[in-house]
Amino acid sequence: GEQQTLNIYRSVRTLPRPEAYWEDVKTCREAPRFHRSAEELYEAICSGAESGWDFSTRWLEAGAGRGGSSAKLVTADTCNVIPVDLNSLLYGMERTLAEFHRSLASPASAERFEAAASLRSQTMEAWLWTGNSYRDYRLDVNAPSAVVSIADWAAPLWVGLHGPGGQAAGVMLASLEESGLLRLGGC
């Protein structure tokens, strides 16, 4: 079949963050109890911080739906999450680049970026669409995230992703209202 590509947040850093050195070192002291290497945990922590969502339960064990010590930073597993927001933003960038190349009379480049955006949209529908919204996908459990995040709606709607065939904006808005995220204080 056709190759499908979605992106994840992955830092190349496998050391403590300079701005949170002691906090990261302290957190990584717990890594062996969770059967993790310090390098793997530092990478996950740095990736979460670089995402701009530091530290959301999206990256923690809670997102895998396993419970337990889910609120602990030592369970961060950012690199095993296919995030809705990142892929939405990349879709928007591909669409913008297609328009840019069209305006420069570069139709081959415009078509290349339009095709990339179309393929990303289809792949997001296959992997991230849950029937009424997009949801981060957890590679560690091969299932949608158990965490409901505003990113499930805000980023796709902002770049014009409205579900299968672009026809589910109303369904998305209804599910956002039902999510509780719009209530005072959120869920």
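Structural data are supplied above this passage.
Now for a description of the structure that goes with this document. This is a predicted model, so every value here is computed, not measured. (Residues numbered from 1 in each chain as written. Predicted model: local features only at pLDDT ≥ 70, side-chain atom pairs only at ≥ 80, totals over all residues. Heavy atoms only, no water.)

What follows concerns the nonpolar core. The biggest cluster of nonpolar side chains holds 16 residues, and the ones touching the most others in it are Met124, Leu128, Tyr134 and Leu161. The contact partners of leucine 128, leaving out residues within four places of it in the chain, are Leu6, Ile82, Pro83, Val84, Thr123, Ser133, Tyr134, Arg135, Asp136 and Tyr137. Judged by nonpolar contacts, the second largest core, of 10 residues, contains Cys28, Ala31, Leu41 and Val74. (Core = buried A, V, L, I, M, F, W, Y, C linked by side-chain atoms within 4.5 Å. Buried < 20%, exposed > 50% of the residue type's maximum accessible area, 1.4 Å probe, protein only. Contact = heavy atoms within 4.5 Å.)

Moving on to the side chain of serine 149. With respect to the helices and strands, the residue serine 149 is situated in the loop between β3 (143–144) and α5 (154–159). Residue serine 149 is classed as buried on the basis of its relative accessible area, which comes to 6%. Apart from residues no more than four positions distant in its own chain, serine 149 is found in contact with Trp53, Arg58 and Leu181. (Helix = DSSP H or I, 4+ residues; strand = E, 2+ residues; numbered from the N terminus.)

We now examine the packing of helix α3 (residues 84–103) against helix α4 (residues 107–127). At a minimum axis distance of 7 Å, the contact between α3 and α4 shows a crossing angle of 160°. In terms of orientation, α3 lies roughly antiparallel with respect to α4. Two packed elements cross with a definite hand, and for α3 against α4 that hand is left-handed. Two secondary-structure elements touch here, α3 through Val84, Asn87, Ser88, Leu90, Tyr91, Glu94, Arg95, Leu97, Ala98, His101 and Arg102 and α4 through Ser109, Ala110, Phe113, Glu114, Ala116, Ala117, Arg120, Ser121 and Met124. For the contact of α3 with α4, the residue count by class is 10 nonpolar, 5 polar and 5 charged. (Axes fitted to C-alpha atoms, helices over the stretch in contact; angles between N-to-C directions. Parallel < 35°, antiparallel > 145°, perpendicular 65-115°, else oblique. Left-handed = near helix turned anticlockwise from the far one by under 90°. Nonpolar A, V, L, I, M, F, W, Y, C, P; charged D, E, K, R; others polar.)

The phi torsion at alanine 105 lies on the positive side, around 60°, for a residue other than glycine. Inspection of the secondary structure assignment puts alanine 105 in the loop between α3 and α4. Overall, the relative accessible area of 65% leaves alanine 105 in the exposed class. The residue asparagine 142 is not glycine, and still its phi comes out positive at about 50°. Considering the arrangement of structural elements, one finds asparagine 142 in the loop between β2 (137–138) and β3. By relative accessible area, asparagine 142 is classed as exposed at 57%.

The next point concerns the environment of tryptophan 129. For tryptophan 129, the location among the structural elements is in the loop between α4 and β2. Under the relative-accessibility criterion, tryptophan 129 is labelled buried at 16%. It is 14 Å that separates the C-alpha atoms of tryptophan 129 and valine 81, two residues lying 48 residues apart in sequence.

What the rule picks out here adds up to 13 salt bridges. Here arginine 10 and glutamate 43 are joined by a salt bridge, their closest N and O atoms 3.3 Å apart. One end of the pair, arginine 10, is in the segment before α1 (21–28); the other, glutamate 43, is in helix α2 (residues 38–51), and 33 residues separate them in sequence. With relative accessibility at 17%, the residue glutamate 43 sits in the buried group. Close ionic contact of glutamate 114 with arginine 95 constitutes a salt bridge, the shortest N to O distance being 3.3 Å. Of this pair, glutamate 114 sits in helix α4 while arginine 95 sits in helix α3, and the two are 19 residues apart along the sequence. Residue glutamate 114 is classed as partly exposed on the basis of its relative accessible area, which comes to 26%. (Salt bridge = Lys/Arg side-chain N within 4 Å of Asp/Glu carboxyl O.)

Inspection of every chain in the model, using the stated rule, returns 4 aromatic pairs. Ring centres of tryptophan 127 and tyrosine 137 lie 5.2 Å apart, and the angle between their planes is 90°; this geometry places the pair in the edge-to-face category. Of this pair, tryptophan 127 sits in helix α4 while tyrosine 137 sits in strand β2, and the two are 10 residues apart along the sequence. Positioned above the aromatic ring of tryptophan 53 is the side chain of arginine 58, whose terminal nitrogen or guanidinium carbon lies 4.6 Å from the ring centre. Lying across the ring of phenylalanine 113, arginine 112 places its NZ or CZ 4.7 Å from the centre. (Phe/Tyr/Trp six-rings, centres within 6.5 Å; stacked < 30°, edge-to-face > 60°. Lys NZ or Arg CZ within 6 Å of the ring centre and 35° of its normal.)

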